[in-house]
Amino acid sequence: MSIEEMAERTAIVADGGGQPLLEVEDLRVRFESRGRRVNAVNGLSYRLYEGRMLAIIGESGSGKSVSSRALMGLLPGSARISGSARFQGRQLLGLPDREMRRHRGADIAMVFQDPARSLNPTMRIGAQITEAVRAHGDVDKRAAYERAMELLQLVRLPAPERRFHEYPHQLSGGMRQRVMIAIALAADPKLLIADEATTALDVTTQAQIMELLLELQERLGMAIILISHDLGLAATYAHDVIVMYAGRAVEYAPASTLFAAVRMPYTEALLGAIPRLERPPHSPLPVTPGQPPDLTALPAGCPFEPRCPRAQDDCRTEAPPFTEHEPGHWWACYHPCEGSSS
Amino acid sequence: MTTVEERPTVLSARNLVQEFTVRGRGGIKGGVVHAVSDVSFDIAEGETLGVVGETGSGKSTLARSVMQAPRPKSGEVVLRGVNLTTCKRAQLTEARRHVQMVFQDPFGSLNPRWRVSDIVAEPLVGYGVGSGAERERRVRELLDLVGLNPDTFGRRRPHELSGGQCQRVAIARAIALDPALIVCDEAVSSLDVLIQAQVLNLFEQLRTELGLSYLFISHDLALVKQVSDRVAVMHLGQLCEVGPAEALYRAPLHPYTVALLASIPEPDPESARRRRPLAIRGEPPSPISPPSGCRFRTRCPRAETRCAEEVPVLRELAPGHSVACHFPEHDGTP
Ligand SMILES: Nc1ncnc2c1ncn2[C@@H]1O[C@H](COP(=O)(O)OP(=O)(O)OP(=O)(O)O)[C@@H](O)[C@H]1O
Ligand SMILES: Nc1ncnc2c1ncn2[C@@H]1O[C@H](COP(=O)(O)OP(=O)(O)OP(=O)(O)O)[C@@H](O)[C@H]1O
Ligand code: SF4
Ligand code: SF4
Ligand SMILES: [Mg+2]
Ligand SMILES: [Mg+2]
């Protein structure tokens, strides 16, 4: 199926209609250094509509961060990028540095896992937000201060007037992440990418930050890409879910469809391996042997084949195409699961 | 089936206290961090006690106090009849054989220059166990036990292993001296779920085959339930609830446990985009100046005036199921 057809179908599913905000097509990223080639992203396509939350999930090294950093022009020089990524119709890949800087923050902003490392430890919170505000607009000091306070209130930082004058280490992990979100929102982005933004937080704090993201999404009409290794997080908060394996999308559907009827053996393996509250203590977990493939030497066939309980001979010859098999439900597998909830 | 209570106690911790004096910087007040405040528990042979709690609640400090590294400020730890908190250094060294620790970072805990077989042999060499040939045999046996082929993996170095393989090596090293108890501090938290499942199953296999006991620490409640017979919930240096895993998860007594359980995002179709009422609002209090009375009261939906005035003590409401709360969720008879 072509990307156009895909768009039509997804548009129906997405229920947003109209032009997609972001349109990624056959995105590939390869790192080359000292004769070594790492195929980090190997043909990723998706569409994201305004106001939607898309979760990208997968194990460590599956290409979640690299594929998003490519959209922001944040990859090192050793990265070879191909494919297409259009934001409101405008091609992002290959943008000159200056234009990329303008697009970054104003169109798409990113929040990372470790707010302690993303914030400057020697600068007061207020100064860092004001700086972000002034970087995106020609505003005077007074207006920048007001906007900064408004942002801190928007992310519901407790006692913002006091926190404004404090340093990052004086804030809890949850509060630092709120500040990072405030900085990301400084230029009113239309898309926020949250890369493992709640991974380092406690469950209770994670719930608060996710609640904040949902609220911001409703109030500002922002789209969100939620990058995570946590299927539970995706199921609970996202509209749509992409499961990545070895740099490819292997399953893609609205969250409710996906979790009601998993098709991809890899997704099923992930779901089965998660300790769940409803399992009694000491119950053995189903085991998937092996490890993800070496990205410097990907197999010709299905990359999950060596670990897959459903594998057959045909899985080894050619990688299964990523196709929409049911309305809105895409997967890349020759012998999919029956589709009952696991 | 023998219940856990009938088995002999391996480790007994009584009234453990650990505090850190911190100096102020950048405007923050200095003071004493009450990292572990009067914590007691027992672990029976072949039993796993899980410890859950949010970041900074004192889980790692508790683990280190058990290991006597450093020794707790007060309280005692008795391991198979030996009081580790008062015994002489030589006796402590001997006793330490029986308690081993597995940490979160699988790479950081292994010497990067050593081969896997040397890493696993190290405790055997350190305690002068067996001859060279016997040690070699034991290392092969251990690697087999943790599911690593000794011929393939024995000669590798840590950077040639995956995270899960590194953690298996760390486990092989930890069980080399036949310990009675393994303390796992976030031992699988950095692993991907598929590898995590392999390592969790390995822990279970070793428990049933070797009769090992575990003190299993994690911030992940579902993970802890998976492996634990009993679970202790830690909050700001104190145990607020302890009970049999099944009962504690099915019918939690402490409002904090309820909040933790309600915050877990579960991958089921019904949960999709479900707006859930937030279980806890507000920020965790400072461990330097914890709230008076109940340390959870600033975030507790059930708090009343008594909670600010009187420290709730741990009391048993159902067999083996205790709670430190003036107004628990139910009376212990669910
Ligand atoms: N600068 C780089 N040079 C070479 N390889 C790289 C570089 N950056 C990333 N990679 C590789 O690309 C692959 C994908 O990395 P990526 O960071 O996208 O994974 P991820 O899915 O975000 O994983 P995690 O969950 O651990 O964050 C990995 O194998 C990684 O080692
Ligand atoms: N060496 C130390 N000096 C000063 N304070 C310390 C020290 N070690 C721990 N603390 C403090 O003691 C408290 C308990 O810390 P601990 O590391 O035991 O928590 P934890 O439950 O293991 O948290 P996490 O889930 O983040 O690992 C925290 O407030 C911490 O800042
Ligand atoms: S294509 Fe074959 S090997 Fe790949 S996931 Fe499907 S059944 Fe398994
Ligand atoms: S003692 Fe009071 S404040 Fe503490 S948990 Fe119980 S009800 Fe809440
Ligand atoms: Mg990443
Ligand atoms: Mg810890």
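So, a few notes on the structure that sits alongside this text. (Residues numbered from 1 in each chain as written. Chains lettered and ligands numbered in written order. Predicted model: local features only at pLDDT ≥ 70, side-chain atom pairs only at ≥ 80, totals over all residues. Heavy atoms only, no water.)

1. Things to note about the sheet that holds strand E11 (residues 323-326) of chain A
All names here are of chain A. Read from one edge to the other, the open sheet built from eight strands follows the order E6-E7-E8-E3-E9-E10-E12-E11, with strand pairing classed as mixed. Of all the strands in the sheet, the pair left with one neighbour each is strand E6 (108-111) and E11. Direction aside, neighbouring strands of the sheet carry axes that sit 20° apart on average. Pairing of strand E3 (residues 53-57) with strand E8 (residues 223-228) involves five bridges; the strand directions are parallel. By the bridge assignment for E8, Ala55 is matched with Leu226. On top of the sheet, helix H12 (residues 265-273) reaches strand E9 (240-245) and strand E10 (248-254); it is set at about 100° to E9, its chief contact. (Pairing = 2+ DSSP bridges. Helix = DSSP H or I, 4+ residues; strand = E, 2+ residues; numbered from the N terminus. Axes fitted to C-alpha atoms, helices over the stretch in contact; angles between N-to-C directions. Contact = heavy atoms within 4.5 Å.)

2. Comments concerning the sheet that holds strand E1 (residues 22-33) of chain A
Backbone-to-backbone hydrogen bonds join strands into a sheet, with any given pair of strands oriented parallel or antiparallel. Residue and element names in this part refer to chain A. Spatially, the four strands line up as an open sheet ordered E2-E1-E4-E5, and their pairing is antiparallel. Only two strands of the sheet have a single neighbouring strand rather than two, namely strand E2 (36-48) and strand E5 (90-91). This element, helix H2 (residues 64-71), spans E1, E2 and strand E4 (79-87) of the sheet and lies at about 110° to E1.

3. Regarding the packing of helix H3 (residues 116-126) of chain B against helix H6 (residues 163-175) of chain B
Residues and elements named next belong to chain B. Two numbers describe how H3 lies on H6: the axes approach to 7 Å, and their chain directions differ by 30°. Considered as vectors, H3 and H6 are oriented roughly parallel to each other. Every pair of crossing elements has a handedness; the one defined by H3 and H6 is right-handed. Facing H3, whose interface residues are Val116, Ile119, Val120, Glu122 and Pro123, H6 presents Val169, Ala172 and Arg173. Of the residues contributing to the contact of H3 with H6, the split by class is six nonpolar, no polar and two charged. (Parallel < 35°, antiparallel > 145°, perpendicular 65-115°, else oblique. Left-handed = near helix turned anticlockwise from the far one by under 90°. Nonpolar A, V, L, I, M, F, W, Y, C, P; charged D, E, K, R; others polar.)

4. Observations regarding the interface of chain B and chain A
Listed by partner, the interface residues are 51 residues for chain B and 57 residues for chain A. Carbon and sulfur atoms supply 56% of the area that chain B and chain A bury against each other, a total of about 4,600 Å² over both sides. Our count for the contact surface shared by chain B and chain A stands at one salt bridge. Notably, a salt bridge pairs Arg276 of chain A with Glu266 of chain B, separated by 3.5 Å at the nearest N-O pair. One can count 18 residue pairs in polar contact (both at pLDDT 80 or more) joining chain B with chain A. Listed by contribution, the elements that provide at least two residues to the side of chain B that touches chain A are helix H7 (193-210), helix H8 (221-227), helix H9 (245-250) and helix H10 (255-262) of chain B. Top element by residues in the side of chain B that touches chain A is H7 of chain B. It accounts for 10 residues. Among the residues forming the side of chain B that touches chain A, the class breakdown is 22 nonpolar, 13 polar and 16 charged. (Buried area = accessible area lost by both parts, 1.4 Å probe. Salt bridge = Lys/Arg side-chain N within 4 Å of Asp/Glu carboxyl O. Polar contact = N/O pair within 3.5 Å; in protein donor to acceptor, adjacent residues only side chain to side chain.)

5. Details of the packing of aromatic side chains
Residue and element names in this part refer to chain A. Counted by the stated rule, this structure contains eight aromatic pairs over all chains. With centroids separated by 5.3 Å and ring planes inclined at 85°, the aromatic side chains of Tyr245 and Phe304 adopt a geometry described as edge-to-face. Here Tyr245, found in strand E9, pairs with Phe304, found in the loop between H12 and helix H13 (314-317); they are 59 residues apart in sequence, far enough to count as distant. Exposure remark for Phe304: the relative accessible area of 1% places this residue in the buried category. (Phe/Tyr/Trp six-rings, centres within 6.5 Å; stacked < 30°, edge-to-face > 60°. Buried < 20%, exposed > 50% of the residue type's maximum accessible area, 1.4 Å probe, protein only.)

6. Some remarks on the nonpolar core
Membership of the largest hydrophobic core comes to 176 residues, with the highest contact counts inside it found for Tyr46, Leu191, Ile225 and Val241 of chain A. Considering every element that reaches this core, the biggest residue donor is H7 of chain B, with nine residues. Formed by 31 residues, the second largest nonpolar core is a distinct cluster that contains Ala13, Leu79, Leu92 and Leu239 of chain B. (Core = buried A, V, L, I, M, F, W, Y, C linked by side-chain atoms within 4.5 Å.)

That's the geometry; what it means functionally is another story.
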